[in-house]
Structure formats: C-alpha cells, structure tokens
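# A look at the structure
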Amino acid sequence: MNFSTRVTELLGIRYPILQAGMSWASSNAELALAVSRAGALGVIAAGPMYPDALRAAIRTVKERTDKPFAVNVPLYNPRAAVFLDVVLEERVPILVASQGGPKQHLPRFKDHGVTWLHVTASPEHAVKAEAAGVDAVIAVGTEAGGHPPPDEIGTLVVVRAVVKAVRIPVIAGGGIADGAGIAAMLCLGADGVQLGTRFLLTPESNLHRAYKERALAAGIADTTLVGRASCRSACSRTISPAPSSRPSERALLRRNWRR
Ligand SMILES: Cc1cc2nc3c(=O)[nH]c(=O)nc-3n(C[C@H](O)[C@H](O)[C@H](O)COP(=O)(O)O)c2cc1C
C-alpha cells in the first residue's frame with residue numbers, strides 16, 4: 001500500500017502517523033526515537049520537563065537517528081518561552097504546538113525553517129491557524145486522552161469539519177487505535193493521524209508499568225472526563241479508577257488475534 005500523503009511529504013516520514021506528544025509518557029528520548037526510527041513521527045512532550053532535560057532528550061534523539069522528529073510545546077505552559085528557545089537552539093525540525101495561538105511565535109520559527117503543526121479542536125480555530133501561516137493542523141476530538149477540547153465534539157465530526165474548512169494538511173487525533181481507525185480518518189479527508197494512548201502502552205513510554213497494565217485492562221467505557229464542570233479549558237480525560245465489566249482491550253486483542 002502506498003502511504004504517501006501530504007503529511008508524509010511535508011514531514012519527510014514513511015507513514016502518515018504521529019506519536020502524540022504526551023506529558024510524562026513521551027517526555028523522554030526513547031519513545032520519540034523508536035517511533036521516528038520506525039518511519040512515523042516521534043514527538044517529545046516538553047510540558048513537564050526541565051529545559052535541560054528537554055535539551056538532553058533532543059540531543060539523544062539527534063545523535064541516534066537522522067530521521068525527523070518533533071517537540072510538543074503547550075503554549076500556555078509557564079516554561080513555554082524557554083522550551084521554544086530550546087527547540088530553535090537545538091534545531092528541532094518540527095514543532096507541535098498546542099493550547100494557545102501560534103501568531104506571536106510563528107514568524108521566528110518560519111525564519112528558522114521549522115515546520116509548525118498546530119493542535120486545534122474546531123474549524124474556526126483551524127482557519128485562524130491557517131491564516132497565521134502554520135504548515136498543518138492537528139484536529140482533535142473529545143475522545144482524545146490527556147486534555148481533550150472542552151466542547152466535547154467527537155473526532156469524526158471535528159475532523160470532517162476541519163478538512164472542509166482549510167486547505168493545508170489535516171492530521172486527525174482522538175480515539176484512533178489501529179489500522180481501521182487510521183483508514184477511517186484518511187477516508188474523512190485527513191492526510192495523517194496522531195495516536196496517543198496507543199503509544200503509551202509501549203515499552204519505550206515513560207509511564208509506570210502499573211498504569212500501562214491498567215490501561216490495557218480497560219474497556220471502551222473506562223475513561224473519565226475530569227474537571228468538566230469547573231473549567232472550560234483544562235478538563236482531562238483519564239483512565240477510570242475501577243474497571244467496567246465490558247471486554248478489556250487485552251481481551252479484544254486476544255479475540256482479534258485468533259481471527
Ligand atoms: C497521558 C497523556 C498525556 C498527554 N499530554 C499532552 C501534552 O503534554 N500536550 C499535548 O498537546 N497533548 C497531550 N495529550 C494529548 C495527545 O497529544 C493526543 O491528542 C491524544 O492522546 C490523542 O488521543 P488518543 O489518546 O485517543 O490517541 C496527552 C495525552 C495523553 C494520553
């Protein structure tokens with residue numbers, strides 16, 4: 001199958017797949033390195049890192065592969081300005097910016113030839129990001145782990161609306177877990193996908209084994225949106241503390257394996 005899309009061409013990768021920036025889970029070199037070496041785009045999540053640790057992780061990835069990789073910077077983060085400086089100083093080829101507008105920083109990054117991917121959750125914001133000059137948008141629906149958009153619009157709806165609203169490449173994210181999900185997003189008109197939760201179960205992800213086990217044991221109803229009532233911008237989707245009685249991801253994988 002030919003995986004060439006506008007995203008593979010833009011980013012210089014083999015598969016139209018991005019490993020999502022995930023605080024803690026991908027706040028290391030190992031996960032991004034493994035993903036980029038495999039032909040997708042590995043992303044280091046700067047969010048919870050000290051700037052020196054971010055710099056060290058970037059250098060490790062650069063030393064061990066010549067494949068493209070990215071750093072994710074949530075723009076609301078108090079250390080965002082320092083992270084952005086590190087990204088430029090270390091000549092990171094691709095930035096994944098989330099949770100904030102791109103306008104203020106974009107010209108500096110364009111001058112340095114950095115590809116800017118901007119996370120958005122609505123066609124209106126995607127159009128603004130396109131007008132500001134970003135290279136592609138990542139359209140994320142409410143299924144997403146971490147901090148999903150507060151409007152609670154599903155990935156199917158958001159991605160299609162964003163695809164219709166902009167001309168630049170669209171990368172779809174939120175609840176995509178396998179090849180069928182990827183194919184579905186490409187059918188909607190996306191040029192690539194961003195997978196988060198799927199990658200946090202890998203050996204290279206920086207999470208405790210107990211969390212990975214809990215995620216693997218979870219069924220499709222076992223996530224909770226925390227903070228929905230109190231705050232419009234910072235609700236968080238996480239694995240529920242108690243497992244439901246629905247079949248777990250592990251059971252589903254076992255069943256599919258036999259088919
Ligand atoms: C544990 C975890 C941490 C996350 N941290 C971040 C982050 O630091 N920055 C960010 O832009 N998105 C973050 N996200 C959201 C992901 O980038 C991505 O949009 C999401 O995981 C996609 O949905 P999926 O998990 O269903 O694949 C996080 C997601 C998870 C699961």
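Just above sits the structure.
None of the values given here were measured: they were computed from a predicted structure.

The buried fraction of strand S5 (residues 115-120) is high, at five of six residues. Both strand S4 (residues 94-98) and S5 contribute to a ladder of four bridges, which runs parallel. Opposite Ala 97, over in S5, you have His 118 as the bridge partner. Inspection of the sheet shows S5 paired to strand S6 (residues 136-140) by four bridges, in the parallel sense. Bridge pairing in S6 places Thr 120 opposite Ala 139. For the crossover from S5 across helix H6 (residues 123-132) to S6, the handedness is right-handed.

Two pairing modes exist for strands in a sheet, parallel and antiparallel, and in both the strands are linked by backbone hydrogen bonds. The eight strands lie next to each other as S1-S8-S7-S6-S5-S4-S3-S2, forming an open sheet whose pairing is parallel. Each of the sheet's edge strands pairs with one partner strand only, and the pair in question is strand S1 (17-19) and strand S2 (42-45). On average, each strand axis in the sheet is tilted by 25 degrees relative to the strand beside it, whichever way the strands run. Against the sheet, helix H7 (residues 155-165) touches S6 and strand S7 (170-173), its axis set at about 155 degrees to S6.

Take the pattern of salt bridges next. A side chain with one charge may pair with a side chain of the opposite charge, provided their charged atoms come close. The full count for this structure, using the stated rule, is eight salt bridges. Residues Arg 55 and Glu 90 are paired through a salt bridge, measuring 2.8 Å at the closest nitrogen-oxygen approach. Of this pair, Arg 55 sits in helix H3 (residues 51-64) while Glu 90 sits in the loop between helix H4 (80-89) and S4, and the two are 35 residues apart along the sequence. With relative accessibility at 5%, the residue Glu 90 sits in the buried group. Of the charged contacts in the structure, one is a salt bridge between Glu 213 and Arg 209, with a shortest N-O distance of 3.6 Å.

Before going further, it helps to spend a moment on the packing of aromatic side chains. Any two aromatic rings considered together are summarised by their centre-to-centre distance and by the angle between their planes. Summed over all chains, the structure comprises two aromatic pairs. Relative to Tyr 15, the ring of Phe 3 lies with its centre 5.5 Å away and its plane at 75 degrees, an arrangement referred to as edge-to-face. In this pair, Phe 3 sits in the segment before helix H1 (6-11) while Tyr 15 sits in the loop between H1 and S1, placing the two residues 12 residues apart along the sequence. On the basis of relative accessible area, Tyr 15 is assigned to the partly exposed category, the value being 26%.

Cut-offs and rules
- Residues numbered from 1 in each chain as written.
- Predicted model: local features only at pLDDT ≥ 70, side-chain atom pairs only at ≥ 80, totals over all residues.
- Heavy atoms only, no water.
- Buried < 20%, exposed > 50% of the residue type's maximum accessible area, 1.4 Å probe, protein only.
- Helix = DSSP H or I, 4+ residues; strand = E, 2+ residues; numbered from the N terminus.
- Pairing = 2+ DSSP bridges.
- Right-handed = clockwise from strand over helix to strand, strands pointing away.
- Axes fitted to C-alpha atoms, helices over the stretch in contact; angles between N-to-C directions.
- Contact = heavy atoms within 4.5 Å.
- Salt bridge = Lys/Arg side-chain N within 4 Å of Asp/Glu carboxyl O.
- Phe/Tyr/Trp six-rings, centres within 6.5 Å; stacked < 30°, edge-to-face > 60°.

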